[in-house]
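Topology and contacts: notes
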Amino acid sequence: MKHLGILLLLLTCPAVSAQVVLSEVMFNPRGNENADEFLEIFNANATETVSLHGWKIGDQTETDLLLSPDSLYQLAPGQFAVVLDPGYFQSPAVYDSLIPPEALILTIDDNSFGSGGLSNSTAETVVLLDAAGKTIARYTYSLGNPDGISDEKIFLTGDDTPANWANSRRLDGTPGQRNTVTPSRIDGELRAHSFSVSPRTLREGQTATLEVTLRNSGLQPITAASIEFLIVNSSANLNLPLLLDSALLPMDLQSADSIRLSIDWNTAIAGRHEVLARLNLTDDENQSNDSLRATIAVGYPHEAARINEIMYAPPAGQPEWIEIFNPQTNPLLLQDWVLQDESGTRAVIKNKIMIPPMSYRVLAASPTVADTFNIPDSLVIVSDSFPTLNNSGDILLLRDFSGAVIDSAAYQSNWGAPGISAEKIWHERENITENWRPSRDGRGGTPAALNSVSPREIDLAAVRLQFDPPQPRAGAEVQLIATVRNNGRRAVEQVTITFAHDRNQDNAIQANEELSRVAFTQTLAPEDSMIVRQNWPLPPSGRNRILTLVATPFDAVANNDEIAARLSVGYNSRSVVINEIYYAPRTGEVEWVEFYNRSQQTIDLSSWRWWDADADLPIILPDSLALLAPGTFALLAASGNLPHVEPSAPIMTLKNWLTLNNDHETLVLADFHGHVQDSLSFSQSWGGDTGVALERINPNLASTDSSNWSGCVDALGSTPGKRNSIFTESVPPQATITVAPQPFSPDGDGHDDFAIIHLQVPAATATAHVKIYDMRGRLVHQLLNNAPIAANHEVIWNGCDEANQPLPIGIYIVYLQAIQATGGVLVEARTTVVLARKLN
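Described below are features of the structure shown in this document. Position numbers for residues count from 1 along each chain, tracking the sequence in the order it is written. It should be noted that, the model being predicted, local features are given only for residues of pLDDT at least 70 and side-chain atom pairs only at 80 or more, the latter also being counted only at that level, while totals for whole chains, interfaces and linings use all residues. To obtain the side-chain values, all non-hydrogen atoms of the structure were used and water was disregarded.

With respect to the overall build of the chain
Under the convention used in this document: Working definition: helices are DSSP H or I runs of at least four residues, strands are E runs of at least two. Numbering for both runs from the N terminus. What the globule rule says is 2.2 Å times the number of residues to the power 0.38, and the radius of gyration is computed from C-alpha atoms. Exposure is judged per residue with a 1.4 Å probe applied to protein chains only, and the accessible area is read against the type maximum: over 50% gives exposed, under 20% gives buried, and values in between give partly exposed. In what follows, a contact means two residues having at least one pair of non-hydrogen atoms within 4.5 Å. The Shrake-Rupley method, run with a 1.4 Å probe sphere, supplies the accessible areas, and residue values consider only the shown protein chains as cover. Counting rule for charge: Lys and Arg are taken as positive, Asp and Glu as negative, and neither His nor the chain ends is counted. Working definition for charges: the position is that of NZ of Lys, CZ of Arg, CG of Asp or CD of Glu.
For the chain, the helix and strand inventory stands at one helix and 57 strands. In terms of overall size, the chain is more extended than a compact globule, its C-alpha atoms giving a radius of gyration of 50 Å where 840 residues would be expected to give roughly 28 Å. Referenced to the eigenvectors of the C-alpha coordinate spread, the extents of the chain come out at roughly 160 × 75 × 45 Å. The proportion of buried residues among the 840 residues of the chain is 50%. Within the chain, contacts between residues separated by at least 24 positions form 63% of all contacts whose residues are at least 6 apart in sequence. Taken as a whole, the chain presents about 38500 Å² of accessible surface, with 49% of it coming from carbon and sulfur. Here the chain holds 55 positive side-chain charges and 97 negative ones, and the gap between their average locations is 7 Å.

Rendered as structure tokens:
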């Protein structure tokens, strides 16, 4: 059925006693083609109940007997009966929620209606017969209904001519309900698509005219009605629903007549508003058409939001972005706002993004700006069509959802700098060159935050912390140099500067971390700076985090009051020494070197350097080792198998290992400044072999002395992470000559195999001879021959003669002759040493 025709002659159709009519035909359901077909019958009599027992229904070829699943055939006055295809009951679904409980449910005694169901390709005639076989209704439907749209009778007491039938206005029809095409007695209709607003482009504060069309779709005249216009949803902060005004019907409205009714909305409010036009009509029988909705966009005033920062030349790999600032006292909804450049490229904000009062949002080409500047993701608006900002300058237009230009900026190349954003100084002033500067923030910009170049009333800032010397050695005095700047609008007269050593790395100054606190009473004018210096006599070796905190009364900005810098102080030479070298590993094992902390403090090995004679560049040790406690060992190894390591010893594995030469090698260990901690050049003759490590006898003796090294005597061939197998401890110095241990037993068992001879001469330097005699006075070994020594010196004797042959057990005399380097004075000293061996 294609249209709804209402004929005046139908208004005078006579009533029929016990009148039963065919009221709806669903011949083209959207579900199962046959099972979801249905026919509807209506008892139009006001007083009489009709029994449908024995009645039939079908098409022009065949009719089927009506059956009641519940044996109920009585159709009450004003009641609908829905006749369902028998197949529907096998899997009911489509109409269960539509059929009201008061409707009579019937089916038929055949598998389908008529001669094979209601055809969609050929128009058929639906026939209703009473129990006597009399034709009660006969309706021929036409084709073309969309799926799920039934034919409904307009006037139920009228005839079955096509003019009295129309397409249902509801998907799946109205089984058991009032037809959607049946006109009401009283029905005021707000015509669809009639809601208009003028002018079409609105700005805040203007007057808008809102207008709709009211049609009398009922049978009786409308004598009184009104239309309310209400804001029911809004991006603005309104108390909803908000009644704008009401329009009254000025005259009687006859059936099928229409009239335009309007109101004026004075001083429109900025935002996107959903406005409801609602009809108020007494006894309206069809309220489904009593309302219309329209979305009204009221643009914001000029400069309601400001372009406040522009990153047009970001560092490589970082996105371009702009910052939008809301200077208003009300929030702004940025949905459908547009950023446009000079070329016309438009970045549209599609989501519902709200900027609170006096707050910021960042519009960017990529969300990575949040990670780069450590700001919440929620403050970044990402646009796939973000314009490419020209480094040489560009024109940017910021439009609101209505298309109105809210702000514009024609920036120039010198407003910012490569990697540094252009920041606006005064957001409330014009976008001219004098009101923009490159960002001063260390990150290169301040997205979603107060611009670094924008002054506050009182703002004292710590802007720089330096050290002199910048890379001090152990024991050197360091000068801490802080630069303080007045970034505020007003002069500052009281300044306090605190220097602290942040030992616990928590970025906060504790009472026991303060180094000094300096107070000044002097006037520091806006934009002026001052430099404060403080000496630190003995900063500890290692990586020290230094904090500088500046303070002044009523400082408005706290996040620039503190600045931190790392002061790396070198360690004393030989704080960490090379203690064991596994340069000729067994098959399946890797090379490694052992370090020993011989100092009294914990050593931070992070970023220490390591190289050999063949290295082009030093290898930087990783930070994973953390700290090396006093008297403990650490291992530096190639990647692979490193057996029998002491579990407590930390291991640093290097991917780029310096392959150690077996015949001769030079190794150097330096701290993070490159200051050499230990070095040696060894050869295979010093000791060690395949599967046997080269071990240091005593870490306190010279690394370059070959007599301080020998091969490991442990059965495993090495002692990684623990004390060396040939370790010999030096006795504290005494006057003249001291020998330890006493006795010593050079039998290769790893215990007291070497004698350490400590020499002490009364001079800063001297030339010395050290000789070993047996008890008969025969010279058996000369340890030093005209060798330069310091006031304290140590030599090692392995219990062998000049030919490196073991000497017999007994008492030997150690004889020292030394000539002072400055005065030529000859001094002598002697003592005895006992050489012992195990008896077989």
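What to know about the pattern of salt bridges
To be explicit about the condition: When a carboxyl oxygen of Asp or Glu is within 4 Å of a side-chain nitrogen of Lys or Arg, the pair counts as a salt bridge.
For the coordinates displayed, the defined rule picks out 18 salt bridges. Glu274 is the partner of Arg293 in a salt bridge, and the nearest nitrogen-oxygen pair spans 2.8 Å. Within this pair, whereas Arg293 is found in strand β21 (residues 291–299), its partner Glu274 is found in strand β20 (residues 271–280), the two being separated by 19 residues in sequence. One salt-bridge network, held together by shared partners, links Glu303, Arg306 and Asp407.

Thoughts on unusual backbone geometry
Glycine aside, a negative phi is what most residues show, and trans is what most peptide bonds show. Cis rather than trans, the peptide bond between Asp468 and Pro469 has omega equal to 0°. Relative to the elements of secondary structure, Pro469 occurs in the loop between β34 (460–468) and β35 (478–486). Note that the residue after Gln742, namely Pro743, is joined by a cis bond; omega there is -10°. The topology assignment puts Pro743 in the loop between β53 (737–740) and β54 (755–773). Phi angles above zero are rare outside glycine, and Asp283 is one such case at about 65°. Mapping Asp283 onto the fold places it in the loop between β20 and β21.

Regarding the packing of aromatic side chains
Threshold: Any Phe, Tyr or Trp ring, taking Trp's six-membered ring, that has another such ring centre within 6.5 Å forms a pair; planes under 30 degrees apart are called stacked, those over 60 apart edge-to-face, and the others tilted.
Evaluation of the coordinates by the stated rule reveals 23 aromatic pairs. A ring pair is formed by Phe42 and Phe80, whose centres lie 4.6 Å apart and whose planes are at 40°; its orientation type is tilted. With Phe42 in strand β2 (residues 38–43) and Phe80 in strand β7 (residues 80–84), the pair connects residues that are 38 residues apart, well separated along the chain. The same class applies to Phe42 as to Phe80, namely buried. Ring-pair connections join several aromatic residues into one group, and the members of that group are Phe38, Tyr88, Phe89 and Tyr95.

Here's the deal with the pairing of strand β50 (residues 676–683)
So the rule is basically this: Two strands qualify as a pair provided that DSSP identifies no fewer than 2 bridges between them.
Where strand β49 (residues 664–670) meets β50, seven bridges bridge the pair, whose relative direction is antiparallel. Looking at β50, one finds that Thr666 is bridged to Ser681.

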